[in-house]
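Structure assessment
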Amino acid sequence: MESDIKWIKTHCARMDHGGCALLVGVQGNTIVRVKGDPDGFLNKGYVCPKGLASPDRLTHPDRLKHPLKRVGARGAGQWERISWPEAIETISDHLLKIKEQYGARSVAFCQGMPKGMEHFVLIRLANMFGSPNVVSVQDVCHAPREVTGLHTCGFYPVIDSHYKSKVVVVWGSNLTSTNEEGEICSLLLEQIKSGTELIVVDPRQTELGKKSKLWLQLKPGTDNALALAILNVIIEDKLFDIDFVENWTSGFEELARHVKDYTPERMSEITWVAPDLIREAARFYARSRPAAIQWGNAIEQNINTFDTARALVSLMAICGNLDVPGGNIEANEPKILSLGKFVRADLLPSKRKEMIHAHHGTIPKLMTVPPAFLRKAILEEFPYPVRGAYVQCSNPLLAYADSRMTFKALKKLDFLVVADIFMTPTAALADIVLPAATHFEFNDIGHYGLGHGYILARPKVVDPPEECWPDIKILNELGRAMTPEEYWSADYEDLIEAILKPSSLDFNRFAELGYLKGEAKFKKHESDGFKTPTGKVELYLSTSEKFGLRPLPEYTQPPRDDPAYPLILTSAKNPYYMHSSYRWIEKLRKKSPEPIAEIHPETASRLNIKEGDPLIIATKQGEITQTAHLTERVHPAVINASYGWWFPEEDITSQDNWTKSNLNILTSVDTLGKEFGTPNLKGIACNIKPAF
Ligand SMILES: Nc1nc2c(c(=O)[nH]1)N[C@H]1C(S)=C(S)[C@@H](COP(=O)(O)OP(=O)(O)OC[C@H]3O[C@@H](n4cnc5c(=O)[nH]c(N)nc54)[C@H](O)[C@@H]3O)O[C@H]1N2
Ligand SMILES: Nc1nc2c(c(=O)[nH]1)N[C@H]1C(S)=C(S)[C@@H](COP(=O)(O)OP(=O)(O)OC[C@H]3O[C@@H](n4cnc5c(=O)[nH]c(N)nc54)[C@H](O)[C@@H]3O)O[C@H]1N2
Ligand code: SF4
Ligand SMILES: [Mo]
């Protein structure tokens, strides 16, 4: 009966970065309904199909329910059920043995997309264990934006969607599908309704592209060339903010000289965007203040990511859109425990020198190991061997570039632990698999450490299955077993309370409030300057020589195109899934049953490919099969493939399962962006043919 339903307020999580406030209807220990909460400060009642289907994660019959220990050969799928005390003891024994033999740094602590507090508890555990090597997917997700921001203007400039912008440039970000960063698209859609105009930079026509005033359909992977041409127009036409440039930037003259060569005509040949359209977009952005740039993943899944991010921060700066309402801002955190204190960075002062990537000359302030360098450490033992790994909330076999290399590396480890809610191709290779409790089943804090200036309460609504533990509890217990016990508490929930303590709230009170937001502060530079060595926005990087970084953003021509691979491959996230996750949720699978590759009808007809045909996509790295979908939303020379595909309904121990349609079979780590160890995931030379 409807009247038996108890409605609990919480926030959505783990289906993307999370953020929508939800009303969750519970009967007994079962979630029966999910609705968007009209009071939600980001979503105002909105909820997407993933959010609606999210309770099905909890009740799926194939969910992991007990710790498992491998008994057969690695990857053979033979497991023995073990108890939690045995699991904790086995993991602790093995990881401590590796520490003793090779040093703590030979154990890697790996995280996928941060899902909640667990990411930071993992860093805390690594620090206490003594390993500088926390590995994460930040090389292609956020570090390029965040760290380039820190070097250029002293902070990570995020879109301010809480104040009105005249124009929003949506650059390689597909907000209606991805709600990137929890900057829920609803806020932007509201702005559009009240007159905010859009400029969309995307090789595919997106929903926001359809609503835009200008759509720049660029060639994938040429974002830095386009950004440099826009800078060229704004500087040549003197449309920049003269006061801001004079008072708050350093190196403007150098930048102005440097971008002279990047004319719209020259960059048009590279980017495929018509010179007049580049001019129009540049003028429109520069003349509309405040304007914000919502930059997405596309700019950081490419070896040029540092230059693109540098050029985009320069654009924000010279047009006077940094640190102003409705522009790109430094979000001010609420009064909670700082990350550094929470993770106990003080325990590992040598981390910056010892981390694997410090030996690859990456950019300072990058604090997680790029996956390409982790695998080099395992396979080639450079700069030192890695022998053991603890993996949580991640499926590296699908998510890292060059899946075959990942397979080899995982197989070579002495000891691998995977904590997940489901058996995945990665978990299938582990020595120990741990069943995690997931969202709705424990108290958690959302958006901690993500730089958006707020945290969201995610109070528990139902109990997890008896032996499914929240990741933070697992880490707490491992901490107690492997590191000095005084660092941890008997109750893992004390970790949550520690974060909230400076706000004087306990978790219950925080859950009643729903969220905590830092006070909005703008134009802080007028009193404090920018937190860079010059105190200004560094259009020319003052630290370039010291750190071996390019002082000004560049476009360097990639090697000549290979005629064997005449098309360009790119991808976008699937609106119904989270990366490789949740293809086992029936409601979602019905909406997106198979991996689709978008292809222009002209190209299809030239190659005799019809709608629904199986299609082989090939790059220098390998081949996969996906299903052809003919659409004019992509350029005739571009293939937009699906990413993250494996088939939970098929044999998980078969290599065919994760090789046949997985986009990362086609990507490579042979060439990396030096600053972040970023591979090319978007904008890769490819070819296609019918699969019969
Ligand atoms: N449904 C869903 N939502 C998600 C996720 C998910 O897996 N599924 N993942 C979450 C995570 S971890 C992240 S980081 C965010 C990412 O969210 P987004 O930043 O939106 O990332 P993508 O969907 O990869 O790509 C965004 C857009 O880039 C375009 N694009 C492709 N190649 C290029 C290019 O070379 N240049 C430009 N300018 N554009 C290009 C694509 O067509 C797409 O529209 O989404 C989060 N939200
Ligand atoms: N080619 C290509 N590669 C990409 C991208 C791309 O666009 N193209 N995108 C990149 C980006 S932006 C990112 S962020 C990464 C994502 O990389 P990952 O985060 O590794 O990707 P997922 O496939 O979402 O894997 C998450 C795993 O966590 C599990 N899980 C869910 N909830 C929980 C939980 O509460 N606890 C535990 N322990 N496990 C849980 C899921 O079942 C799933 O197996 O991939 C990157 N790789
Ligand atoms: S948009 Fe994201 S946060 Fe909102 S309901 Fe969907 S998955 Fe959840
Ligand atoms: Mo991501």
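Residue indices begin from 1 for each chain and proceed along its sequence in written order. Following the order in which they are written, the chains are lettered starting with A and the ligands numbered starting with 1. This being a predicted model, a pLDDT of at least 70 is required before a residue's local features are given, and a value of 80 or more before pairs of side-chain atoms are given or counted; all residues contribute to the totals for chains, interfaces and linings. With hydrogens and water set aside, each side-chain value is computed from the structure's full complement of heavy atoms.

**A closer look at the environment of tryptophan 658**
Formally: A helix here means a DSSP run of H or I that spans at least four residues, while a strand means a run of E at least two residues long, and both kinds are numbered starting from the N terminus. Exposed residues in this analysis have more than 50% of their type's maximum accessible area, buried residues have under 20%, and partly exposed residues fall in between, with area computed by a 1.4 Å probe over protein chains only. Two residues form a contact once any of their heavy atoms are found within 4.5 Å.
By secondary structure assignment, the location of tryptophan 658 is in helix H27 (residues 655-659). Judged by its relative accessible area of 4%, tryptophan 658 falls in the buried class. What tryptophan 658 contacts, discounting residues up to four positions off in sequence, is Leu397, Leu398, Ser403, Arg404, Phe407, Pro425, Trp646 and Ile665.

**Section: the packing of helix H5 (residues 143-153) against helix H14 (residues 305-318)**
Stated formally: For helices, the axis comes from a line fit to the C-alpha atoms of the stretch in contact; other axes are also lines fit to C-alpha atoms, and the angle between any two N-to-C directions lies between 0 and 180 degrees. Roughly parallel here means an angle under 35 degrees, roughly antiparallel means over 145, roughly perpendicular means 65 to 115, and every remaining angle is called oblique. Each crossing gets its handedness from the near helix: less than a right angle anticlockwise from the far helix is left-handed, clockwise is right-handed.
The interhelical angle for the contact between H5 and H14, taken along N-to-C directions, is 55°, at an axis separation of 9 Å. For the element pair H5 / H14, the angle class is oblique. Remark: the crossing between H5 and H14 carries right-handed chirality. Contacts between H5 and H14 involve Pro144, Thr148, Thr152 and Cys153 on the former and, on the latter, Thr305, Phe306, Ala309, Arg310 and Val313.

**Details of the packing of aromatic side chains**
Threshold: Stacked, tilted and edge-to-face are the three classes applied to pairs of Phe, Tyr and Trp rings, where Trp contributes its six-membered ring and a pair requires centres within 6.5 Å; stacked means planes under 30 degrees apart, edge-to-face means over 60, and tilted covers the rest. Throughout this description, the term charge over a ring refers to an Arg CZ or Lys NZ atom that lies within 6 Å of the ring centre and within 35 degrees of the ring normal.
Evaluation of the coordinates by the stated rule reveals 17 aromatic pairs. Note on phenylalanine 155 and phenylalanine 530: the rings are 6.4 Å apart at their centroids and 15° apart in plane angle, and the pair reads as stacked. Taken together, the residues phenylalanine 155 in the loop between H5 and strand S8 (158-159) and phenylalanine 530 in the loop between helix H23 (525-528) and strand S21 (537-538) connect sequence positions 375 residues apart. Judged by relative accessible area, which is 5%, phenylalanine 530 ranks as buried. Between phenylalanine 244 and phenylalanine 530, the aromatic rings sit 6.1 Å apart at their centres with planes inclined by 80°, giving edge-to-face as the arrangement. Residue phenylalanine 244 is located in helix H10 (residues 242-248), and its partner phenylalanine 530 is located in the loop between H23 and S21; the two are separated by 286 residues in the primary sequence. For phenylalanine 244, a relative accessible area of 8% gives the class buried. Of the aromatic side chains, those joined through ring pairs into one cluster are Phe155, Phe244, Trp248 and Phe530. Positioned above the aromatic ring of tryptophan 7, the side-chain terminus of lysine 35 is 4.1 Å from the ring centre. If you follow lysine 213 out to its NZ or CZ, it ends over the ring of phenylalanine 284, 5.0 Å from the centre.

**Some remarks on the side chain of serine 106**
Its place among the elements puts serine 106 in the loop between helix H3 (84-102) and strand S6 (107-111). If near-sequence neighbours (up to four positions away) are discounted, serine 106 is found in contact with Ile98, Pro385, Val386, Arg387 and Gly388.

**Observations regarding the domain arrangement of the protein**
Our working rule: The start and end points of each domain follow an automatic or database-based domain assignment. When two parts are brought into contact, each loses some accessible area as probed by a 1.4 Å sphere; the total of that loss over both is the buried area. When a carboxyl oxygen of Asp or Glu is within 4 Å of a side-chain nitrogen of Lys or Arg, the pair counts as a salt bridge.
Here the protein is described as being made up of domain 1 (68-142 + 334-517), domain 2 (157-329 + 522-547) and domain 3 (567-690). Using C-alpha coordinates to define each centre, domain 1 is positioned 29 Å away from domain 3. Counting from both sides, the interface comprises 31 residues of domain 1 and, opposite them, 29 residues of domain 3. Here domain 1 packs against domain 3, burying approximately 2500 Å² in sum over the two surfaces, 70% of which is carbon and sulfur. On the domain 1 side of the interface with domain 3, the three residues burying the most area are Leu398, Arg404 and Phe422, jointly 22% of the side's total. At the junction of domain 1 and domain 3, the tally comes to zero salt bridges.

**Some details on the site of ligand 3**
Operational definition: Proximity criterion: a residue is near a molecule or strand once any of its heavy atoms comes within 4 Å of it. Nonpolar residues are Ala, Val, Leu, Ile, Met, Phe, Trp, Tyr, Cys and Pro. Charged residues are Asp, Glu, Lys and Arg, and all others, Gly as well, are polar.
All residues in the neighbourhood of ligand 3 are listed as Cys12, Met15, Asp16, Gly18, Gly19, Cys20, Tyr46, Val47, Cys48, Lys50, Gly51 and Asn179. Residues belonging to the shell around ligand 3 are distributed by class as follows: six nonpolar, four polar and two charged.

**Focus: the environment of aspartate 402**
Worth spelling out the cut-off: N or O atoms within 3.5 Å of each other form a polar contact, as long as, within protein, one can give a hydrogen and the other can take it, and as long as residues adjacent in sequence are counted only when both atoms are side-chain atoms.
Turning to its location among the elements, aspartate 402 is positioned in the loop between helix H18 (396-399) and helix H19 (403-412). The sequence separation of aspartate 402 and aspartate 670 amounts to 268 residues, and the corresponding C-alpha distance is 9.3 Å. With near-sequence residues (within four places) excluded, aspartate 402 lies in contact with Arg375, Gln621, Asn664, Thr667, Ser668 and Val669. A distance of 3.1 Å separates a polar atom in the side chain of aspartate 402 from the backbone nitrogen of methionine 405.

**Some thoughts on the side chain of asparagine 302**
Here asparagine 302 shows up in the loop between strand S13 (291-295) and H14. In this structure the side chain of asparagine 302 is engaged in a polar contact, spanning 3.4 Å, whose partner is the backbone oxygen of glycine 221. Sequence-distant contacts of asparagine 302, that is, excluding residues within four places in its chain, are made with Gly221, Thr678, Pro679, Asn680 and Lys682.

**With respect to the nonpolar core**
The condition is simple: Residues belong to one nonpolar core when they are buried, are Ala, Val, Leu, Ile, Met, Phe, Trp, Tyr or Cys, and are joined through side-chain atoms within 4.5 Å.
The biggest cluster of nonpolar side chains holds 89 residues, and the ones touching the most others in it are Leu374, Leu416, Leu569, Tyr582, Ile617 and Ile639. At five residues, helix H17 (residues 371-380) tops the list of elements feeding residues into this core. For this core, the two domains that each supply at least three residues are domain 1 (68-142 + 334-517) and domain 3 (567-690). Not counting the four nearest positions on each side in its chain, isoleucine 617 is found in contact with Leu569, Ala597, Gly622, Glu623, Ile624, Gln626, Ile639, Ala641, Leu666, Cys686, Asn687 and Ile688.

**Describing H14**
Our working definition: A helix's residues, less one, multiplied by 1.5 Å, set its expected span.
For H14, with 14 residues, the first-to-last C-alpha span of 20 Å sits near the 20 Å given by 1.5 Å per residue. Of all 14 residues in H14, 14 are buried; the element is thus mostly enclosed. Directly beyond the C-terminal end of H14, a positive phi value near 70° is found at glycine 320.

**As for the site of ligand 1**
To be explicit about the condition: Only the protein chains shown count as cover for residues, with accessible areas throughout obtained via the Shrake-Rupley method and a probe of 1.4 Å.
Around ligand 1 sit 35 residues in total, of which Asn174, Asp202, Asp223, Asn297 and Tyr577 are the nearest. Between an oxygen atom of ligand 1 and a main-chain N or O atom of histidine 579, the distance comes to 2.8 Å. Protein contacts shield 99% of the accessible area of ligand 1, which totals 920 Å² for the unbound molecule.

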